Amino acid sequence: MKYNITIFFLVLCCQGVLSQVKTGVVYYGEIQSLSLGSPVGKDYNALLVFDTDRSLYTTRKDSLEQLTNSMKQEHKFTFTVSTSEEGFLYYNDLKNKTLFARDLGFSYVKEGIPKIVWDITSKTKVIGDFECQMATCTFRGRTYTAWFTMQVPLPYGPWKLQGLPGLILEAYDAHKEIFWYFKEMQYPSRFQYLLKPINNPTNEWMTFNAFKNNLEEKLNQATLNGRILSEKTGVPIHEDKNPGNIFIEVFGTF
Amino acid sequence: MKIKIQETYLLKCLERFKQKFIGFNVLLLILVLCVSKTSLAQNISISGFVKNAQDSLPITGTSVVLKANNTFLGYAYSDEAGAFNINVEAIYKQFVLEVSALGFKRYKDSLIVMDNENVSRNVYLSEKIETLSTVVLKSTEKIEVNRDTISYRLSAFEYGIENSVEDMLKNLPGIEVDDNGIIRALGEPIDKILIEGDDLANSNYKVISQNLDPSALKSIEIIQNYEENPVLKQFLNSSAVVLNLKLKEDKKSMLFGKADVGLGLENRYSGDLNLAFINPNFKLLNLGFVNNIGRTAGAQFSNYEFSIGGFNDFKKSYKLNQNPMVYLQGSIMDIDEKYYVENQALSNSLLFNKKFSKTLHIKNTLYTYRDNFKKDYNIGYTYFVPPNTISYSEHNNFENTDFSIGNDFELQSNPSASSNLIISASFVYKNKNDMNDLVTNGNLINQTLKSKINNFDAQVQYTKKLNNGALVLDGFSGVKSNDELFTIHPNAFAQDSTNSELNTNYKSSLKYWGAESAFVFKSGKTSHSYTIGVLHTSENIKGQSYANKLVVDSLSGSDNAKKIEPKAQVKLKLPMGERLEFNAIAEGKISFYKRNNTSSSLFLPNADFNIQLKEGKTGNYRVGWEYVSKLETLDYYVDFFIVNSYRSLSLGANRVEAITNNRYYFRHSFSDVKKRLFFSTSLSYKHFNSQFVQEGLLNQDFNISRSVYTSGQNFIFFNTSVTTYSKPLNMSLKVGYNYSRVINPSVVNNTFLETVNNTSGFGLTGTSYFRSFFNFKFQMNYTDNKGWNTETEVRNRRFQFMFNPIFKINSEWIINAKFKNYLVDSIFYDANYMEIIYEPELKKWSLGLYVQNIFNKETFEFNYLNNYTNTNISYKTVPRYAYVYWRFKF
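Conventions adopted
Residues numbered from 1 in each chain as written. Chains lettered and ligands numbered in written order. Predicted model: local features only at pLDDT ≥ 70, side-chain atom pairs only at ≥ 80, totals over all residues. Heavy atoms only, no water. Helix = DSSP H or I, 4+ residues; strand = E, 2+ residues; numbered from the N terminus. Buried < 20%, exposed > 50% of the residue type's maximum accessible area, 1.4 Å probe, protein only. Contact = heavy atoms within 4.5 Å. Areas by Shrake-Rupley, 256 points an atom, 1.4 Å probe, with all protein chains shown as cover. pLDDT = per-residue confidence, 0-100. Salt bridge = Lys/Arg side-chain N within 4 Å of Asp/Glu carboxyl O. Pairing = 2+ DSSP bridges. Axes fitted to C-alpha atoms, helices over the stretch in contact; angles between N-to-C directions. Core = buried A, V, L, I, M, F, W, Y, C linked by side-chain atoms within 4.5 Å.

J.: Whenever I open this one, the overall build of chain A confuses me. Can you help?
T.: A tally of regular secondary structure across chain A gives three helices and 11 strands. Moving toward the C terminus, one meets the helices and strands of chain A in the order α-β-β-β-α-β-β-β-β-β-β-β-β-α. Residue burial in chain A is summarised as follows: out of 254 residues, 53% are buried. Summarising the internal contacts of chain A: among those between residues at least 6 apart in sequence, 55% fall at separations of at least 24. Here chain A displays about 11,800 Å² of accessible surface, and carbon together with sulfur accounts for 55% of that area.

J.: It is not clear to me how the confidence of the model for chain A should be interpreted in this structure. Could you clarify?
T.: In regions of low pLDDT, the predicted coordinates are not meant to be interpreted in detail. Per-chain confidence: chain A averages 79 in pLDDT, with 76% of residues scoring 70 or above. The low-confidence segment residues 67-81 of chain A, where pLDDT is below 50, has 26 contacts with residues more than four positions distant or belonging to other chains.

J.: I would appreciate a short explanation of the pattern of salt bridges in the present structure.
T.: It is possible for side chains of opposite charge to pair when their charged atoms get near one another. Applying the stated rule across the entire model yields 33 salt bridges over all chains. Two residues, Lys160(A) and Asp103(A), come together in a salt bridge whose shortest N-O distance is 3.7 Å. In this pair, Lys160(A) sits in the loop between β9 (142-149) and β10 (167-173) while Asp103(A) sits in strand β5 (residues 98-103), placing the two residues 57 residues apart along the sequence. In this pair, the class of Lys160(A) matches that of Asp103(A), namely buried. For Lys363(B), the salt bridge identified is with Asp199(B), shortest N-O distance 2.5 Å. Of this pair, Lys363(B) sits in strand β22 (residues 360-383) while Asp199(B) sits in strand β15 (residues 198-199), placing them 164 residues apart in sequence. The class for Lys363(B) is buried, based on a relative accessible area of 9%. Owing to a relative accessible area of 3%, Asp199(B) belongs among the buried residues under this scheme.

J.: Just checking my understanding: could you explain the sheet that holds strand β5 (residues 94-100) of chain B for this structure?
T.: Within a beta sheet, neighbouring strands are joined by backbone hydrogen bonds and run either parallel or antiparallel to one another. Residues and elements named next belong to chain B. Here four strands make up an open sheet; going across it, the order is β3-β2-β5-β6 and the pairing antiparallel. At either margin of the open sheet sits one strand with a lone partner, and together these are β3 (71-77) and β6 (107-112). Across the sheet, the mean angle from the axis of one strand to that of its neighbour is 20 degrees, orientation sign disregarded. Pairing between β5 and β6: six bridges, direction antiparallel. Within β6, the residue paired with valine 96 across the bridge is serine 110.

J.: Would you mind going over the nonpolar core with me for this structure?
T.: Across soluble globular proteins, nonpolar side chains show a tendency to be buried alongside one another. The biggest cluster of nonpolar side chains holds 66 residues, and the ones touching the most others in it are Met333(B), Ile335(B), Tyr340(B), Tyr383(B), Tyr637(B), Val643(B) and Phe860(B). No other element matches β22(B), which puts five residues into this core. Setting aside residues no more than four positions away along its own chain, Ile335(B) makes contact with Tyr340(B), Lys820(B), Tyr822(B), Ala831(B), Phe860(B) and Phe862(B). Core analysis: the second largest hydrophobic core is formed by 51 residues, Ala135(A), Leu169(A), Tyr75(B) and Leu137(B) among them.

J.: Teacher, can you tell me more about the pairing of strand β33 (residues 619-630) of chain B here?
T.: Walk down a regular strand and you will see the side chains alternate between the two sheet faces. Residue and element names in this part refer to chain B. As defined by bridge partners, strand β32 (residues 598-616) adjoins β33 across eight bridges and the pair is classed as antiparallel. Bridged to asparagine 610 within β33 is glycine 624. Counted along the chain from β32 to the antiparallel partner β33, the turn is two residues long. Bridging between β33 and strand β36 (residues 659-672) involves 11 bridges; their strand directions are antiparallel. Across the sheet, tryptophan 625 pairs through a bridge with tyrosine 664, a residue of β36.

J.: Whenever I open this one, the environment of Leu169(A) confuses me. Can you help?
T.: All names here are of chain A. Locating leucine 169 in the fold gives a position in strand β10. The class for leucine 169 is buried, based on a relative accessible area of 0%. Taking C-alpha positions, leucine 169 is 6.8 Å from tyrosine 181, a pair spaced 12 residues apart along the chain. Apart from residues lying up to four places away in sequence, leucine 169 is in contact with Tyr28, Ile127, Phe130, Cys132, Trp147, Phe148, Thr149, Trp180, Tyr181, Phe182 and Met185.

J.: How should the confidence of the model for chain B be read in this particular structure?
T.: All names here are of chain B. When pLDDT is averaged along chain B, the result is 85, and 88% of the positions lie at 70 or above. Low confidence marks residues 1-5, where pLDDT is under 50. Its contacts with residues over four positions away, or in another chain, come to 14 contacts. Across residues 304-309, where pLDDT falls below 50, the model places 10 contacts with residues more than four positions away in sequence or in other chains.

J.: Can you help me understand the sheet that holds strand β12 (residues 183-185) of chain B in this one?
T.: The antiparallel open sheet is built from three strands, whose spatial order is β11-β12-β13 (chain B). Two strands in the sheet have a free side with no partner beyond their single neighbour: β11 (175-177) and β13 (188-189) of chain B.

So this is what it looks like as structure tokens:
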């Protein structure tokens, strides 16, 4: 009996080592059109690499955009976002129940994996070869609709959307001002080397609250810039007091 | 539905307990206690372990889902020990348990659960080789999204105080409306306003933006790359932007509108009525108003001739304008006319749009208006000319009445994606009556001008798609006539002028027709087009002047001119890299001109080259050069004297020559976001190689002049500004400086005179953003005007200050006031108004009180300096009045 208990505990401990290390990859398109009312904004290439214990979502990275065909039409929008060498990263560590992020303003943020309360509906549709089910939730000020598939039974998804019984292939908010759409999936894939924790050069992680305060400060800055432009051109502008038109995560009423 | 994964650990312990030490009954008791501690009595619990069928090792992170009737009830992921637990409400009895993990075959089983029963199920999954490979889009491809439209959900932007679509537009980010009602979206002026995708008013969009009530709207869309021509839209980037008003569902097929009634002291009145009948295939809008509180009718129809700058201007207007021979409108000042011009206005526009089928579309606007203006002012002129300075003054009373009725019609047909036809026709009839009583030099003079204007223009455009481009064919024609009867009493030109009257009748007409064909291509990012065309015009001016029924020969005559102008034009838009763009237009025209019986031919080249550097490290730059050469209309060349006024006669140029000029320009803008500074500079230099100037004889009583050609007229314009935001003051501020220098050569009293006018000015403007019920905008300007020639030097200085406070007392009451003050020769003048608005919440009506000229100032005075003329004007103001208005929506 003692022997059995020992083996039992030994196996428990080794479970992490012996678990499958096959990784999968999903390519998403991420369209950011905050305040524009429909998905007409900039379309980024994004990547989700995952295995059974963790996932890493990468977006707005220089190397992901390099092979892109240039936009067919020219626009008059000016966006303050752009790509960078490392991009924005979201590392979902299921084992330690922690979400690490290299987020807006290149802030390194660490928080417990947010608990999202999903409402799974009976609506279904097919994306690619996958049968998907629809689920909705309200997360940090926005209402999201996500389509997940049980054929990939892992609680991952784009950005911070996670916690469904299957992988999220498509998600969007009420007006598709934030829109993630599915392009391609490969499992197993040759991207094991990409699935590693975020490299934080200072090793200092800010809390989510500190990050939130940072964003509010940036919103104030943007408002002041708008006032300058209005004075310069001599025509009045409307002040958008709605932070939902600037940031994805919205705090307070929306 | 709640998922209780935290129960798993507790159950794990209990399982081991059960296996090792404690009896079953005790276990059941503990289990029930644990479960009941955190869940309702009606829940059931399904728990168990998920293990590998081959080696019985637990599988972590398996997805376990509980369904009933294909509805998801609950789910959980197995933990490190492979354990799971799901708690759901006991509504169903029959469930399906699905367990899935990557690399394993899916497990599906049905369960029947009795009330309050807790089920334990251990699941063993068999391995399988799992490969998933699905491609919907390649990782580097993007989905097709129509990016031309931005939509604003109006519910997020309305404050309930908007009375017209224009007021609503001012609230939307990215849309600006200036003081003249010109709308810009995303920095570009808009072409038109559509309603549910249909165009009713064409470029007369102010008729809609200033009159239509916004409560019927659900959203406003900004549509970029707007191209009505479906053939050109397929490959050309139009830079046109339009607004599309989308109606609320209950307004999509019905009658609705708004009415406005106002009454006040001093016999003030105003009335406004909008009626709309909207249907997906048929739209009818009737907008009408009447008032004497300063809102004029003609201004809505003053066609801001919208021209799409840059490469794509294939929807341009070929209308030619005909100038009147006599202007009898009086002088105006630099402030809003409502403060010093008494008006009466009446206007009605009927806008109609109908789709007959998918490929046939008709729209029509029928409008009529009547404006009446009264002006009362004193004016003093001083001419700085050799041999002596001349001064005289007049006291003027003007009454101008304009009546107009017009119709614009357009038909569009596009039978297939590769061809499009547009036919448009418009006519306008105007009847103007201008009366002027003036006193000068102790004499009373009366001038009357009656004009009858008839204009008709038509245009046809056919577009056909080619392999990598399109062919655009345009044909156009028009007829214009103006019959002017000008009476001056007494006739100051005659020797015995006490009882005489001078009657002059001018009959002018313009007929034109022409055609153009253009080939447009796009290869890669470069667009180029080649156009050839021809224009034929025929002008006629006939003047007959009678003094006491005797013909005055020198003031009568007849002139006609015909010309045929073939032309060729090349346009190029060449992007060079990410940020640099080169634009070029080169055109050559040959004008075969026949005037009376003399023929001549002139070569008229035109060019515009510019380079733009966008978003460089030091900002945006644009550098360009423009060369213009053209011929003027016949009224510049008439060879008999035209009577301009009781003291002014003018003669046209004695030969036909091209007017040419060179313009060089430079623009720069730069923003430093961190320091919150925005810089902007522009410099432009224009040199006329050949331009008209007046060669005249001026004395105390008369001004007789003739147009001659000269070179040497020069303009320089410079302005620069810095805009910033001050955090401690909570205000945005702009400081600017502008400078201009104009050199005007002329010949006066047989002496060559070159007059230089220098104007420099400083300005400071600001807007407050206080978080209180009070906010304001202000503006301060100092202008220094200097003019000099060999005779003398004149200097005018003016200081101006504008203050606009807004009090938003609460959500129902607003007080708005505007004070415009200026200092002329140490005297302080003030033009002002105040408005108090009451908008009860959730009601369809609102009330307002408007007061103008609060301190009942009697006159306004201004100084102007232009070339060698210094003018001092003193206007009688519209006396103080107040009126109350009531607005109602239905």
